[in-house]
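Residue strings, one per chain:
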Amino acid sequence: MSTRKHHRGRRKKKKSNFLWNTILVIAIIVFCVSGFQLLKIGKGYKDGQDEYKNIRSLAVTEEKSTDGKEDNFQVDFDKLKKINPDTIGWIRFWPEPKEINYPIVQGKDNQTYLHKTFSDNDNTLGTIFIDANASADLSDRNSIIYGHRMKDGSMFRHLQDYDEKSFWKKYPHFYIYTVDGRKLTYEIFATGVTTESSDVYRTDFADDTDFDAFVNAAKSVAVYDTGVEVNENDTCVTLSTCTGASDEHRIVVIGKKIKEEGM
């Protein structure tokens, strides 16, 4: 009797060991696969960042004044056009958030550049792009520019900095440089979270009343009141990125043009 119990005990122990060994092997496989995926993602981020760093080195010249308050920022669009004929401009925040400093393209649709870099490489960073139906010269009453909100801080990630009114007070402007030699300065008048079905994403307006509806929609989603007035003569740019919390919601930072230089 004791011998039978002993054999049964050994069989149970073997089964138990087999089960735990199987679990351990599965856990190791999952760990390795997860590690590989993380390395792949990290490499993708680095490759994308390196590409845009090289593009800046190739096409951008910048000279800061001794006090750091002014700078001479220029873009060689001829060089950019040779790399990507879809180039229509360059967007920049200065002095902060300085991470947003990228070429702008316009594709035949709004899907191409979601996962294609400026140099046509497959990458989750994608490219900053203006809506496919927009006027490339930014003459529309509301032009929409899209970019990803990347975890490594690149692309439009730092639009979220404008959640704080104190940040907006320090850095209320962004700048767009165009292929025809203009520098456009935009003053941010609203920032918040909304959906793509919101009037904030309207680009066609039948009349001034229609445009006023867009302005009111922008101010209604704003997380704080900037006090910046927008009238029927203004042209605006809506910068759009995802929130990270929902596929339906978007962070928007909306500015009106207050200055145009060049040409």
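These remarks concern the structure in this document. (Residues numbered from 1 in each chain as written. Predicted model: local features only at pLDDT ≥ 70, side-chain atom pairs only at ≥ 80, totals over all residues. Heavy atoms only, no water.)

## Describing unusual backbone geometry
In step 1: In this model, Trp-94 is joined to Pro-95 through a cis peptide bond whose omega is 0°.
In step 2: Position of Pro-95 among the secondary structure elements: in the loop between β3 (87-92) and β4 (101-105).
In step 3: The omega angle of the peptide bond from Glu-96 to Pro-97 is -10°, so this bond is cis rather than trans.
In step 4: Turning to its location among the elements, Pro-97 is positioned in the loop between β3 and β4.
In step 5: For Leu-138, which is not glycine, the phi torsion reads 60° and is therefore positive.
In step 6: In this structure, Leu-138 sits in the loop between β5 (128-130) and β6 (142-146).
In step 7: Assessed through its relative accessible area of 4%, Leu-138 is described here as buried.
In step 8: One non-glycine residue with positive phi stands out, namely Met-155, at about 55°.
In step 9: Structurally, Met-155 can be placed in the loop between β6 and α3 (165-170). (Helix = DSSP H or I, 4+ residues; strand = E, 2+ residues; numbered from the N terminus. Buried < 20%, exposed > 50% of the residue type's maximum accessible area, 1.4 Å probe, protein only.)

## What to know about the pairing of strand β10 (residues 249-262)
In step 1: Pairing geometry for strand β8 (residues 182-195) and β10, over 13 bridges, is antiparallel. Bridge pairing links Gly-192 to Val-252 in β10.
In step 2: Here 7 bridges tie strand β9 (residues 236-242) to β10, and the two strands are oriented antiparallel to one another. By the bridge assignment for β10, Leu-239 is matched with Val-253. (Pairing = 2+ DSSP bridges.)

## Some thoughts on helix α4 (residues 208-221)
In step 1: Compared with the 20 Å implied by 1.5 Å per residue over 14 residues, the 20 Å span of α4 between its first and last C-alpha is a close match.
In step 2: On its buried face, α4 sits against β6, β8, β9 and β10.
In step 3: Two or three places before Thr-209, at the start of α4, stands the capping residue Asp-207, its side-chain oxygen 3.2 Å from that residue's backbone nitrogen. (Expected span 1.5 Å × (residues − 1). Contact = heavy atoms within 4.5 Å. Polar contact = N/O pair within 3.5 Å; in protein donor to acceptor, adjacent residues only side chain to side chain.)

## Structural notes on the nonpolar core
In step 1: Core analysis: the largest hydrophobic core is formed by 64 residues, its most contacted members being Ile-91, Ile-145 and Leu-239.
In step 2: Of all the elements, α4 adds the most residues to this core, at 6 residues. (Core = buried A, V, L, I, M, F, W, Y, C linked by side-chain atoms within 4.5 Å.)

## Structural notes on the layout of surface pockets
In step 1: Empty space within the largest pocket amounts to approximately 400 Å³.
In step 2: If you trace the largest pocket, you find 20 residues lining it, with Leu-114, His-148, Thr-241, Cys-242 and Arg-250 closest to the centre.
In step 3: For the lining of the largest pocket, the element with the highest residue contribution is β9, accounting for 3 residues.
In step 4: For the lining of the largest pocket, the per-class residue count stands at 6 nonpolar, 9 polar and 5 charged. (1 Å grid on protein atoms, 1.4 Å probe; cavity = no way out; pocket = protein on both sides within 12 Å on 5 of 7 lines; lining within 4 Å. Points joined across faces, edges and corners; volume = space filled by probe spheres on them. Nonpolar A, V, L, I, M, F, W, Y, C, P; charged D, E, K, R; others polar.)

## Points about the sheet that holds β8
In step 1: Strand order in this closed barrel of 8 strands is β3-β4-β5-β6-β9-β10-β8-β7, and the pairing throughout is mixed. Each strand of the sheet is rotated relative to its neighbour by a mean of 30°, with strand direction disregarded.
In step 2: One ladder, built from 2 bridges, connects β5 with β6; its direction is antiparallel. Across the sheet, residue Phe-129 finds its bridge partner in β6, namely Tyr-146.
In step 3: The strands touched by α4 are β6, β8, β9 and β10; relative to β8, the strand with the most contacts, the crossing angle is about 65°. (Axes fitted to C-alpha atoms, helices over the stretch in contact; angles between N-to-C directions.)

## Quick notes on the pattern of salt bridges
In step 1: Summed over the entire model, instances satisfying the criterion amount to 13 salt bridges.
In step 2: Between Asp-180 and Arg-182 there is a salt bridge; the shortest N-O distance is 3.0 Å.
In step 3: In this structure Arg-182 comes out as buried when scored by relative accessible area, which is 10%.
In step 4: Residue Arg-182 pairs with Glu-260 through a salt bridge whose shortest N-O separation is 3.5 Å. You can see Arg-182 sitting in strand β8 and its partner Glu-260 sitting in strand β10, a full 78 residues away along the chain. (Salt bridge = Lys/Arg side-chain N within 4 Å of Asp/Glu carboxyl O.)

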